[in-house]
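A closer look at the structure
Now for the letters of each chain:
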Amino acid sequence: MASKLILPINNELHLREIEVSDAPAIFHIINTQREYLGKWLPFVAATESWEDTYAFIQSVKDQKVPVVQIVFSIYRDKNLVGLISVLNIDQGNRKAEIGYWISQNEQHQGIVTKSVLAVINYCFTDLMLNRVQIRCGTENLSSRKIPERLGFTLEGVERDSELMSDGHFVDHAVYSLLWIEWMERKDRLLNSSGLYKTL
Ligand SMILES: CC(C)(COP(=O)(O)OP(=O)(O)OC[C@H]1O[C@@H](n2cnc3c(N)ncnc32)[C@H](O)[C@@H]1OP(=O)(O)O)[C@@H](O)C(=O)NCCC(=O)NCCS
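Now for a quick tour of the structure. (Residues numbered from 1 in each chain as written. Predicted model: local features only at pLDDT ≥ 70, side-chain atom pairs only at ≥ 80, totals over all residues.)

**Thoughts on the sheet that holds strand β3 (residues 70-76)**
What the 8 strands build is an open sheet, ordered β1-β2-β3-β4-β5-β6-β8-β7; its pairing is mixed. Every other strand in the sheet has two partners, leaving β1 (6-8) and β7 (153-163) as the edge strands with one partner each. Along the sheet, successive strands turn relative to each other by an average axial angle of 25 degrees, direction set aside. In the sheet, β3 pairs with strand β4 (residues 79-90) via 7 bridges, with the strands oriented antiparallel. (Pairing = 2+ DSSP bridges. Helix = DSSP H or I, 4+ residues; strand = E, 2+ residues; numbered from the N terminus. Axes fitted to C-alpha atoms, helices over the stretch in contact; angles between N-to-C directions.)

**Let's talk about the site of the ligand**
In the vicinity of the ligand lie 20 residues, with Trp40, Gln107, Gly110, Val112 and Thr113 positioned nearest. Every element with two or more residues in the shell around the ligand is listed here: β5 (95-102), α5 (111-125) and α6 (141-149). Looking at which element gives the most residues to the shell around the ligand, the answer is α6, with 4 residues. Split into classes, the residues belonging to the shell around the ligand amount to 10 nonpolar, 9 polar and 1 charged. (Near = placed C-beta within 6 Å. Nonpolar A, V, L, I, M, F, W, Y, C, P; charged D, E, K, R; others polar.)

**Topic: the environment of Asp160**
Within the secondary structure, Asp160 sits in strand β7. Sequence spacing of Asp160 and Val170 is 10 residues, and the spatial spacing of their C-alpha atoms is 5.1 Å. Not counting residues within four places of it along the chain, the set of residues in contact with Asp160 comprises Phe169 and Asp171. (Contact = placed C-beta atoms within 7 Å.)

**Focus on the pairing of strand β2 (residues 13-17)**
Direction of pairing for β1 relative to β2: antiparallel, over a ladder of 3 bridges. Pairing of Ile6 across the sheet is with Arg16, part of β2. The pairing of β2 with β3 spans 5 bridges and is classified as antiparallel. Paired with His14 across the strands is Tyr75, a residue of β3.

**Topic: unusual backbone geometry**
Between Val65 and the following residue, Pro66, the backbone shows a cis peptide bond with an omega angle of 0 degrees. Inspection of the secondary structure puts Pro66 in the loop between α4 (50-61) and β3. One non-glycine residue, Asp77, adopts positive backbone phi at about 55 degrees. Relative to the elements of secondary structure, Asp77 occurs in the loop between β3 and β4. Overall, Asp77 belongs to the exposed group, with 9 C-beta atoms counted inside 10 Å. Although it is not a glycine, His108 sits at a positive phi angle of roughly 60 degrees. As for its placement among the helices and strands, His108 is situated in the loop between β5 and α5. (Buried ≥ 20, exposed ≤ 12 C-beta atoms within 10 Å, placed from the backbone.)

Quick look at the structure:
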């Protein structure tokens, strides 16, 4: 059996490659926080039972090479509190995108910011990517603060980028960070977030 990919963050937090055994915990968060998560994430409405979550995880596990998606569960101690993914991995052009969500009661503590830093480091160091993108609904200000805090460049707005479950489209603010920029900033970012010793 392949070993699990784990990205340590600090004594309390780590990222672990998603496993089918995570399905009940993930579905529980989705099912009890539909309004909060569904406002920005269309898959929430399509997730009706834990079997849907199980099928999603299985589809991630069943990917053939080249892998286009790596999904990590965010763990706080022994509890799964959210997901963070490397999406649309394009090894030909050495680029990918990062997506994330966290349980409502775990917000505003810097957990997603630290998780994004760990995943960026993984993208540039292990996947040897050149460009990492984050896209957020233009009105999703909490999400936009994350790439902005980490020094991503706002490239522009992709109009009607995503169809939400209620039938309306949202515009996406598109942010990117290049490997050369990461090399310039990573010491400062990892130091200020306390991740320097871990990564
Ligand atoms: C958007 C979302 C991911 C943000 O999560 P979060 O945990 O609040 O984000 P962070 O981890 O970066 O936390 C930032 C907040 O923690 C505070 N914070 C506390 N300690 C911190 C630290 N050490 N480092 C960074 N921020 C810290 C920041 O000041 C900031 O506060 P603010 O949001 O009031 O300005 C979360 O609200 C969410 O999952 N929303 C629903 C789904 C969603 O929108 N997903 C994104 C789709 S693009």
